[in-house]
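Read off the chains here:
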Amino acid sequence: MDRTVSAAGFAPAELEIAALANAKAILLDWDGCASIANQPFAMTIEFLDVYGDRVVIVSNNSTLLPTDIAEALAKAGANFPAERVLLAGCEAIITAAESGRDVRTLVIGPSRMKAFAKKNNLNLVQKDIELVVLLRDTRFSYAKLDRAVQALRQGARLIVANPDKTHPGLNGALVPETGALFAAIAACVDLETIDVAVIGKPSAGLFEKACRSLNATPDQAVMIGDNPLTDIAGARAVGMGSILVAPGSSLTLKDLLPPPASWAQRTAQRV
Ligand SMILES: [Mg+2]
(Lines give C-alpha, C1' and ligand atoms only; values in the text may rest on other atoms or scores of the structure.)
Protein backbone atom coordinates (compact mmCIF):
# COMPACT_ATOMS: atom_id res chain seq x y z
CA MET A 1 0.00 0.00 0.00
CA ASP A 2 1.19 3.52 -0.73
CA ARG A 3 1.64 5.21 2.64
CA THR A 4 2.28 8.58 1.01
CA VAL A 5 -1.47 8.92 0.59
CA SER A 6 -1.75 9.37 4.36
CA ALA A 7 0.59 12.36 4.20
CA ALA A 8 -1.72 13.91 1.62
CA GLY A 9 -4.51 14.18 4.15
CA PHE A 10 -6.29 10.82 4.34
CA ALA A 11 -6.97 9.37 7.74
CA PRO A 12 -4.16 7.08 8.90
CA ALA A 13 -4.36 3.61 7.36
CA GLU A 14 -7.61 4.44 5.57
CA LEU A 15 -6.48 2.67 2.41
CA GLU A 16 -5.26 -0.36 4.32
CA ILE A 17 -8.50 -0.63 6.30
CA ALA A 18 -10.49 -0.40 3.05
CA ALA A 19 -8.33 -3.14 1.50
CA LEU A 20 -8.98 -5.39 4.50
CA ALA A 21 -12.72 -4.67 4.37
CA ASN A 22 -12.76 -5.91 0.76
CA ALA A 23 -10.41 -8.89 1.20
CA LYS A 24 -11.83 -12.40 1.04
CA ALA A 25 -8.73 -13.75 2.79
CA ILE A 26 -6.29 -12.05 5.16
CA LEU A 27 -2.90 -13.73 5.57
CA LEU A 28 -1.29 -12.78 8.86
CA ASP A 29 2.38 -13.30 9.64
CA TRP A 30 3.15 -14.45 13.20
CA ASP A 31 6.73 -13.77 14.48
CA GLY A 32 7.44 -10.05 14.78
CA CYS A 33 4.06 -9.10 13.32
CA ALA A 34 1.46 -10.63 15.62
CA SER A 35 3.70 -12.07 18.34
CA ILE A 36 7.16 -12.31 19.84
CA ALA A 37 8.45 -15.68 21.10
CA ASN A 38 4.96 -17.15 20.50
CA GLN A 39 3.37 -14.57 22.82
CA PRO A 40 0.64 -12.74 20.88
CA PHE A 41 0.46 -8.97 21.23
CA ALA A 42 -2.67 -7.49 22.82
CA MET A 43 -3.42 -5.80 19.49
CA THR A 44 -3.35 -9.20 17.77
CA ILE A 45 -6.32 -10.27 19.88
CA GLU A 46 -8.17 -7.07 18.97
CA PHE A 47 -7.29 -7.60 15.31
CA LEU A 48 -8.60 -11.20 15.32
CA ASP A 49 -11.74 -10.07 17.11
CA VAL A 50 -12.56 -7.93 14.06
CA TYR A 51 -11.09 -9.91 11.14
CA GLY A 52 -10.52 -13.42 12.56
CA ASP A 53 -13.10 -15.24 10.39
CA ARG A 54 -11.12 -14.33 7.25
CA VAL A 55 -7.61 -14.78 8.68
CA VAL A 56 -5.08 -17.51 7.98
CA ILE A 57 -1.89 -17.27 10.02
CA VAL A 58 0.99 -17.88 7.61
CA SER A 59 4.39 -18.17 9.22
CA ASN A 60 7.89 -19.30 8.31
CA ASN A 61 8.21 -20.74 11.81
CA SER A 62 9.78 -24.20 11.70
CA THR A 63 9.69 -25.28 15.36
CA LEU A 64 6.02 -24.87 16.29
CA LEU A 65 2.89 -26.87 15.48
CA PRO A 66 -0.39 -25.12 14.53
CA THR A 67 -1.87 -26.19 17.89
CA ASP A 68 0.94 -24.28 19.70
CA ILE A 69 -0.21 -21.04 18.10
CA ALA A 70 -3.92 -21.77 18.61
CA GLU A 71 -3.17 -22.49 22.29
CA ALA A 72 -1.12 -19.30 22.71
CA LEU A 73 -4.01 -17.34 21.21
CA ALA A 74 -6.57 -19.12 23.39
CA LYS A 75 -4.54 -18.24 26.51
CA ALA A 76 -4.56 -14.61 25.40
CA GLY A 77 -8.32 -14.67 24.83
CA ALA A 78 -8.76 -15.40 21.10
CA ASN A 79 -10.56 -18.47 19.81
CA PHE A 80 -8.67 -19.26 16.61
CA PRO A 81 -8.68 -22.69 14.89
CA ALA A 82 -5.38 -24.55 14.45
CA GLU A 83 -6.67 -25.58 10.99
CA ARG A 84 -6.13 -21.99 9.87
CA VAL A 85 -2.46 -21.87 10.87
CA LEU A 86 0.08 -22.66 8.13
CA LEU A 87 3.66 -23.10 9.32
CA ALA A 88 6.68 -23.59 7.07
CA GLY A 89 8.20 -26.32 9.27
CA CYS A 90 5.07 -28.49 9.24
CA GLU A 91 4.56 -27.80 5.54
CA ALA A 92 8.16 -28.88 4.84
CA ILE A 93 7.44 -32.19 6.56
CA ILE A 94 4.09 -32.60 4.77
CA THR A 95 5.89 -31.93 1.46
CA ALA A 96 8.53 -34.53 2.35
CA ALA A 97 5.78 -37.03 3.16
CA GLU A 98 4.41 -36.61 -0.37
CA SER A 99 7.64 -38.23 -1.63
CA GLY A 100 6.43 -41.53 -0.18
CA ARG A 101 7.00 -43.46 3.03
CA ASP A 102 9.95 -45.44 1.64
CA VAL A 103 12.17 -42.39 1.14
CA ARG A 104 15.04 -42.43 3.61
CA THR A 105 14.84 -39.02 5.26
CA LEU A 106 17.10 -37.08 7.61
CA VAL A 107 15.20 -34.40 9.55
CA ILE A 108 17.43 -31.73 11.09
CA GLY A 109 15.16 -30.07 13.64
CA PRO A 110 13.74 -30.28 17.16
CA SER A 111 12.52 -33.61 18.53
CA ARG A 112 8.85 -32.65 18.55
CA MET A 113 9.08 -31.84 14.82
CA LYS A 114 10.65 -35.27 14.30
CA ALA A 115 7.66 -36.71 16.15
CA PHE A 116 5.39 -34.77 13.75
CA ALA A 117 7.40 -36.25 10.86
CA LYS A 118 6.91 -39.78 12.20
CA LYS A 119 3.20 -39.12 12.57
CA ASN A 120 3.21 -38.18 8.87
CA ASN A 121 4.88 -41.52 8.02
CA LEU A 122 8.34 -40.17 7.19
CA ASN A 123 11.04 -42.84 7.22
CA LEU A 124 13.56 -41.15 9.53
CA VAL A 125 17.14 -42.36 9.17
CA GLN A 126 20.71 -41.26 9.94
CA LYS A 127 22.49 -42.98 7.00
CA ASP A 128 21.91 -43.84 3.33
CA ILE A 129 19.93 -40.62 3.23
CA GLU A 130 17.83 -39.77 0.14
CA LEU A 131 16.14 -36.62 1.44
CA VAL A 132 17.26 -33.95 3.95
CA VAL A 133 14.61 -31.77 5.66
CA LEU A 134 16.11 -28.70 7.31
CA LEU A 135 14.24 -26.91 10.12
CA ARG A 136 15.46 -24.51 12.82
CA ASP A 137 17.51 -26.82 15.02
CA THR A 138 18.86 -25.21 18.19
CA ARG A 139 21.09 -28.29 18.56
CA PHE A 140 22.61 -27.91 15.09
CA SER A 141 26.16 -29.24 15.16
CA TYR A 142 29.23 -29.97 13.03
CA ALA A 143 28.18 -33.64 12.96
CA LYS A 144 24.71 -32.78 11.61
CA LEU A 145 26.20 -30.42 9.02
CA ASP A 146 28.64 -33.14 7.96
CA ARG A 147 25.86 -35.73 7.68
CA ALA A 148 23.71 -33.45 5.53
CA VAL A 149 26.60 -32.38 3.29
CA GLN A 150 27.73 -35.95 2.59
CA ALA A 151 24.14 -36.99 1.78
CA LEU A 152 23.61 -34.05 -0.58
CA ARG A 153 26.91 -34.69 -2.34
CA GLN A 154 25.74 -38.25 -2.93
CA GLY A 155 22.51 -37.09 -4.55
CA ALA A 156 20.02 -36.56 -1.73
CA ARG A 157 17.33 -33.90 -2.21
CA LEU A 158 16.97 -30.97 0.21
CA ILE A 159 13.78 -29.40 1.60
CA VAL A 160 14.37 -26.19 3.57
CA ALA A 161 11.59 -24.84 5.79
CA ASN A 162 12.45 -21.19 5.22
CA PRO A 163 15.25 -18.96 3.93
CA ASP A 164 15.19 -16.50 6.89
CA LYS A 165 18.59 -16.00 8.49
CA THR A 166 17.09 -14.54 11.71
CA HIS A 167 13.79 -13.62 13.31
CA PRO A 168 13.07 -11.09 16.07
CA GLY A 169 13.19 -12.36 19.66
CA LEU A 170 12.33 -11.00 23.10
CA ASN A 171 13.82 -7.64 24.16
CA GLY A 172 15.21 -6.90 20.72
CA ALA A 173 17.15 -10.16 20.47
CA LEU A 174 17.96 -11.67 17.08
CA VAL A 175 17.13 -15.38 16.85
CA PRO A 176 19.17 -17.36 14.28
CA GLU A 177 16.75 -19.02 11.85
CA THR A 178 16.71 -21.93 9.43
CA GLY A 179 18.26 -19.82 6.67
CA ALA A 180 21.44 -19.44 8.75
CA LEU A 181 21.77 -23.24 8.92
CA PHE A 182 20.99 -23.41 5.20
CA ALA A 183 23.85 -20.95 4.62
CA ALA A 184 26.23 -23.33 6.41
CA ILE A 185 25.17 -26.16 4.09
CA ALA A 186 25.37 -23.87 1.05
CA ALA A 187 28.95 -23.00 2.03
CA CYS A 188 29.90 -26.65 1.57
CA VAL A 189 27.99 -27.76 -1.54
CA ASP A 190 27.15 -26.32 -4.93
CA LEU A 191 23.40 -25.67 -4.71
CA GLU A 192 23.21 -25.63 -8.51
CA THR A 193 23.84 -29.36 -8.48
CA ILE A 194 21.22 -30.18 -5.82
CA ASP A 195 17.44 -30.51 -5.95
CA VAL A 196 16.46 -27.85 -3.38
CA ALA A 197 12.92 -26.80 -2.41
CA VAL A 198 12.42 -23.83 -0.07
CA ILE A 199 8.92 -24.03 1.42
CA GLY A 200 8.40 -20.81 3.40
CA LYS A 201 7.75 -17.26 2.26
CA PRO A 202 8.61 -15.74 -0.20
CA SER A 203 7.96 -19.00 -2.12
CA ALA A 204 4.45 -19.11 -3.55
CA GLY A 205 3.34 -22.36 -1.89
CA LEU A 206 2.19 -21.09 1.51
CA PHE A 207 0.45 -18.04 0.00
CA GLU A 208 -1.47 -20.23 -2.44
CA LYS A 209 -2.39 -22.86 0.14
CA ALA A 210 -3.67 -20.17 2.52
CA CYS A 211 -5.86 -18.72 -0.23
CA ARG A 212 -7.25 -22.15 -1.13
CA SER A 213 -8.20 -22.75 2.50
CA LEU A 214 -10.57 -19.75 2.32
CA ASN A 215 -11.67 -20.34 -1.30
CA ALA A 216 -9.98 -17.13 -2.37
CA THR A 217 -7.67 -16.30 -5.25
CA PRO A 218 -4.46 -14.37 -4.51
CA ASP A 219 -5.92 -11.15 -5.93
CA GLN A 220 -8.76 -11.42 -3.37
CA ALA A 221 -6.30 -11.68 -0.47
CA VAL A 222 -4.04 -9.36 1.53
CA MET A 223 -0.83 -10.37 3.29
CA ILE A 224 0.12 -8.54 6.49
CA GLY A 225 3.69 -8.98 7.69
CA ASP A 226 6.81 -7.33 9.07
CA ASN A 227 9.36 -8.64 6.58
CA PRO A 228 9.63 -6.85 3.21
CA LEU A 229 11.75 -9.65 1.71
CA THR A 230 9.45 -12.57 2.59
CA ASP A 231 5.94 -11.32 3.43
CA ILE A 232 5.73 -8.41 1.02
CA ALA A 233 7.87 -9.61 -1.90
CA GLY A 234 6.23 -13.05 -1.77
CA ALA A 235 2.72 -11.57 -1.80
CA ARG A 236 3.55 -9.31 -4.74
CA ALA A 237 4.99 -12.22 -6.71
CA VAL A 238 1.65 -14.08 -6.57
CA GLY A 239 -0.41 -10.95 -7.30
CA MET A 240 -1.59 -10.41 -3.73
CA GLY A 241 -1.96 -7.09 -1.92
CA SER A 242 0.27 -6.56 1.10
CA ILE A 243 0.62 -4.37 4.17
CA LEU A 244 3.95 -3.93 5.95
CA VAL A 245 3.56 -3.54 9.70
CA ALA A 246 5.92 -3.68 12.67
CA PRO A 247 5.40 -3.08 16.38
CA GLY A 248 6.63 0.38 17.30
CA SER A 249 6.67 1.56 13.67
CA SER A 250 4.36 4.03 11.95
CA LEU A 251 1.92 1.21 11.16
CA THR A 252 0.91 -1.64 13.47
CA LEU A 253 -1.97 -4.13 13.59
CA LYS A 254 -3.78 -1.70 15.89
CA ASP A 255 -3.83 0.92 13.13
CA LEU A 256 -5.64 -1.57 10.89
CA LEU A 257 -8.69 -1.78 13.13
CA PRO A 258 -11.73 0.00 11.68
CA PRO A 259 -12.34 3.38 13.32
CA PRO A 260 -15.04 3.55 16.00
CA ALA A 261 -18.50 4.33 14.61
CA SER A 262 -18.42 7.80 16.23
CA TRP A 263 -15.24 8.64 14.27
CA ALA A 264 -16.86 7.51 11.01
CA GLN A 265 -19.95 9.60 11.74
CA ARG A 266 -17.89 12.71 12.47
CA THR A 267 -15.97 12.20 9.23
CA ALA A 268 -19.22 11.77 7.29
CA GLN A 269 -20.63 15.00 8.79
CA ARG A 270 -17.51 16.92 7.83
CA VAL A 271 -17.80 15.68 4.23
MG1 LIG B 1 7.59 -11.91 10.77
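In this text the structure is predicted, and so the values were computed from the model without any measurement. Sequence order sets the numbering: in each chain, residues are counted from 1 along the sequence as written. Restriction of local features to residues with pLDDT of at least 70 applies here, the model being predicted, together with a cutoff of 80 or more for giving and counting side-chain atom pairs; totals for whole chains, interfaces and linings are based on all residues.

Q: Lay out the domain arrangement of the chain in plain terms, naming residues and giving numbers.
A: The domain boundaries here were taken from an automatic or database domain assignment. In terms of domain boundaries, the chain breaks down into domain 1 (11–60 + 202–270) and domain 2 (89–198). Spacing between the C-alpha centres of domain 1 and domain 2 amounts to 29 Å. Domain 1 puts 8 residues into the contact, and the matching count from domain 2 is 8 residues. For the purpose of contact definition, each residue receives a C-beta atom placed from its backbone, and two residues are in contact when these atoms lie within 7 Å.

Q: Outline the packing of helix α5 (residues 88–97) against helix α6 (residues 111–119), listing residues and values.
A: Only the stretch in contact is used when fitting a helix axis, every axis being a line fitted to C-alpha atoms; angles between N-to-C directions are given from 0 to 180 degrees. For helices the rule is a DSSP run of H or I covering at least 4 residues; for strands it is a run of E covering at least 2, with both sets numbered from the N terminus onward. The interhelical angle for the contact between α5 and α6, taken along N-to-C directions, is 35 degrees, at an axis separation of 9 Å. Two packed elements cross with a definite hand, and for α5 against α6 that hand is right-handed. Where α5 abuts α6, its residues Gly89, Cys90 and Ile93 lie against Met113, Phe116 and Ala117. Each residue gets one of three labels, nonpolar for Ala, Val, Leu, Ile, Met, Phe, Trp, Tyr, Cys and Pro, charged for Asp, Glu, Lys and Arg, and polar for the others, Gly among them. Within the contact of α5 with α6, the residues separate by chemical class into 5 nonpolar, 1 polar and no charged. By the definition used in this description, the sense in which the near helix is turned from the far one sets the handedness, with an anticlockwise turn below a right angle giving left-handed and a clockwise turn giving right-handed.

Q: Describe helix α7 (residues 142–153), with residues and values.
A: Between the first and last C-alpha of α7 there are 16 Å, a value that for 12 residues agrees with the 16 Å anticipated at 1.5 Å per step. Partly exposed residues are those whose C-beta has more than 12 but fewer than 20 other C-beta atoms within 10 Å; with 20 or more the residue is buried, with 12 or fewer it is exposed, and the C-beta atoms are placed from the backbone. Within α7, the full set of buried residues consists of Lys144, Ala148, Ala151 and Leu152. Axial view of α7: buried residues confined to an arc of 100 degrees, hence all on one face. Away from its buried face, by an angle of more than 90 degrees, α7 presents the exposed residues Tyr142, Ala143 and Asp146. The elements touched by buried residues of α7 are β6 (104–108), β8 (131–134), β9 (157–160) and α8 (178–186). A positive phi of about 105 degrees marks Gly155, the residue just after α7. Expected span of a helix, by definition, is 1.5 Å for each gap between consecutive residues, and there is one gap fewer than residues. By definition, the arc is the one covered by directions from the helix axis to the C-beta atoms.

Q: Kindly report on the confidence of the model for the chain, identifying the contributing residues and their values.
A: The pLDDT value expresses, per residue, how confident the predictor is, ranging between 0 and 100. Summing up the model confidence of the chain, the mean pLDDT is 92 and the portion of residues at 70 or higher is 91%. Within the model, the stretch residues 2–8 combines pLDDT values under 50 with 3 contacts to residues more than four positions away or in other chains.

Q: Can you tell me about the pairing of strand β13 (residues 221–225), naming the residues and giving the values?
A: In terms of burial, β13 is a largely internal element, 5 of the 5 residues being buried. Residues Ala221, Met223 and Gly225 of β13 are buried on one face, and the alternating residues Val222 and Ile224, pointing to the opposite face, are buried as well. Paired strands, as defined in this entry, are two strands with at least two bridges between them according to DSSP. Both strand β1 (residues 25–28) and β13 contribute to a ladder of 4 bridges, which runs parallel. By the bridge assignment, Ile26 is partnered in β13 with Val222. Examined bridge by bridge, β13 and strand β14 (residues 241–244) share 4 bridges and lie parallel to one another. In the strand pairing of β14, Val222 is matched with Gly241. Look down the strands so they point away from you; if the path from the first strand over the helix to the second goes clockwise, the crossover is right-handed. Taken together, β13, helix α10 (residues 228–237) and β14 form a β-α-β motif whose crossover is right-handed.

Q: Give me the sheet that holds β13: which residues, what numbers.
A: Strand-to-strand pairing in sheets goes through backbone hydrogen bonds, with the strands running parallel or antiparallel. Taking strand neighbours across the sheet as the criterion, the 5 strands line up as β5-β4-β1-β13-β14 in an open arrangement whose pairing is parallel. Of all strands in the sheet, those bounded by a partner on one side alone are β5 (85–87) and β14. Neighbouring strand axes in the sheet, compared pairwise and without regard to direction, differ in orientation by 20 degrees on average.

Q: If you had to explain the environment of Pro66 to someone new, which residues and values would you point to?
A: Mapped onto the elements of the fold, Pro66 is located in helix α4 (residues 66–76). On the basis of neighbour count, Pro66 is assigned to the partly exposed category, with 19 C-beta atoms found within 10 Å. Spatially, the C-alpha atoms of Pro66 and Leu86 are 6.9 Å apart, while their sequence positions differ by 20 residues. Setting aside residues no more than four positions away along its own chain, Pro66 makes contact with Ala82, Val85, Leu87 and Cys90.

Q: Describe the sheet that holds β8, naming the residues involved and giving the relevant values.
A: The 5 strands lie next to each other as β7-β6-β8-β9-β12, forming an open sheet whose pairing is parallel. The strands lining the two open edges of the sheet, one partner per strand, are β7 (123–124) and β12 (196–198). Note: β9 against β12, 3 bridges, orientation parallel. Bridging from a neighbouring strand, Leu158 pairs with Val196 of β12. Lying on the sheet, α7 is in contact with β6, β8 and β9; it crosses β6 at an angle near 145 degrees.

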